[in-house]
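Topology and contacts: notes
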Amino acid sequence: QVQLVESGGGLVRAGGSLRLSCAASGSAFSIAAMGWYRQAAGKQRELVAKITTGGSSNYADSVKGRFTISIDNAKNTVYLQMNSVEHEDTAVYYCNAGYGTPLAEYLETWGQGTLVTVSS
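1. Considerations on the sheet that holds strand β7 (residues 67–72)
Taking strand neighbours across the sheet as the criterion, the four strands line up as β1-β3-β8-β7 in an open arrangement whose pairing is antiparallel. Strands at the two margins of the open sheet, each flanked by one partner only, are β1 (2–7) and β7. For this sheet, the mean angle separating the axes of adjacent strands, direction not counted, is 15°. Where β7 and strand β8 (residues 77–82) come together, six bridges link them in antiparallel fashion. In the strand pairing of β8, I71 is matched with V78.

See the structure below:
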């Protein structure tokens, strides 16, 4: 079983920056990819950015050029650097991880979510 712990959310002014972190812990697992999703009030959860342990990444069009995802494979930790934030970035951000187990399963797990609020 893998657990994800997120940190770094909070209040940020429009145009400012924020960095989210998510660390995976547990036993006998091998991370394949980690990512960030977000869910704004009244909207469906959507992909923000995702990255594999090999470094391949993809982003939602709405955050390209502003957000950067990175991964520290040694620490099983993924980061989301958010620059030039906009009001529309206000949401609960969820960390997601896909991982393999000794039984050759591929599983996914979610963090508890961290709130990002962009103010004027």
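The structure having been displayed, the exposition proceeds.
2. Structural notes on the environment of L107
With respect to the helices and strands, the residue L107 is situated in strand β10 (residues 106–110). Separated by 59 residues in the primary sequence, L107 and V48 place their C-alpha atoms 20 Å from one another. Dropping the residues within four chain positions of it, L107 is found in contact with A97, G98, Y99 and T101.

Reading the values: rules and limits
- Numbers given for residues are sequential positions, taken from 1 along each chain in its written order.
- In view of the model being predicted, local features appear only for residues whose pLDDT reaches at least 70, and side-chain atom pairs are presented and counted only at 80 or more, with totals across whole chains, interfaces and linings using the full set of residues.
- Computation of side-chain values: all heavy atoms of the structure, hydrogens and water removed.
- DSSP bridges decide pairing: two strands pair if at least two such bridges lie between them.
- Counting from the N terminus, the helices are the DSSP runs of H or I reaching at least four residues and the strands are the DSSP runs of E reaching at least two.
- Comment: axis = line fitted to C-alpha atoms, over the contacting stretch for helices; angle = value between 0 and 180 degrees taken between N-to-C directions.
- The contact rule is simple, with two residues in contact once any of their heavy atoms fall within 4.5 Å.

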